[in-house]
Amino acid sequence: MSLEEKQTIVALGAGSITKVVWPDGRIERCDNIKDVKLYIEKIDEMLERKENLFNQRY
């Protein structure tokens, strides 16, 4: 397992992927819409999905 697979990464922007590494080694990803216009229109949804992901962890 490389270093980037061992740490949580928070990514913002169209087409980006947030990754959470759980204490048991499991990895969970949350991707954003690639289309910039749709990303802007759905920014609240994108932020809520990330917030829910991190609330599960902490």
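A short tour of the structure in this document, coming up. (Residues numbered from 1 in each chain as written. Predicted model: local features only at pLDDT ≥ 70, side-chain atom pairs only at ≥ 80, totals over all residues. Heavy atoms only, no water.)

1. Considering a negative patch on the surface
Turning to step 1, where the next piece is worked out: A cluster of like negative charges, contributed by Asp-44, Glu-45, Glu-48 and Glu-51, occupies part of the molecular surface.
Turning to step 2, where the next piece is worked out: Tracing the backbone through its elements, the reader meets Glu-45 in helix 2 (residues 43-57).
Turning to step 3, where the next piece is worked out: Of the residues examined, Glu-45 reaches a relative accessible area of 39% and is grouped as partly exposed. (Patch = residues over 30% accessible without salt bridge, like charges linked within 9 Å, V, L, I, M, F, W, Y side chains within 5 Å. Areas by Shrake-Rupley, 256 points an atom, 1.4 Å probe, with all protein chains shown as cover. Salt bridge = Lys/Arg side-chain N within 4 Å of Asp/Glu carboxyl O. Lys, Arg positive; Asp, Glu negative; His and termini not counted. Charge placed at Lys NZ, Arg CZ, Asp CG, Glu CD. Helix = DSSP H or I, 4+ residues; strand = E, 2+ residues; numbered from the N terminus. Buried < 20%, exposed > 50% of the residue type's maximum accessible area, 1.4 Å probe, protein only.)

2. Things to note about the side chain of Ser-16
Turning to step 1, where the next piece is worked out: One can find Ser-16 in the segment before strand 1 (17-21).
Turning to step 2, where the next piece is worked out: For Ser-16, a relative accessible area of 13% gives the class buried.
Turning to step 3, where the next piece is worked out: A polar side-chain atom of Ser-16 sits 2.7 Å from the main-chain carbonyl oxygen of Gly-13.
Turning to step 4, where the next piece is worked out: The contacts of Ser-16, once residues within four sequence positions are left out, are Ala-11, Cys-30, Asp-31 and Asn-32. (Polar contact = N/O pair within 3.5 Å; in protein donor to acceptor, adjacent residues only side chain to side chain. Contact = heavy atoms within 4.5 Å.)

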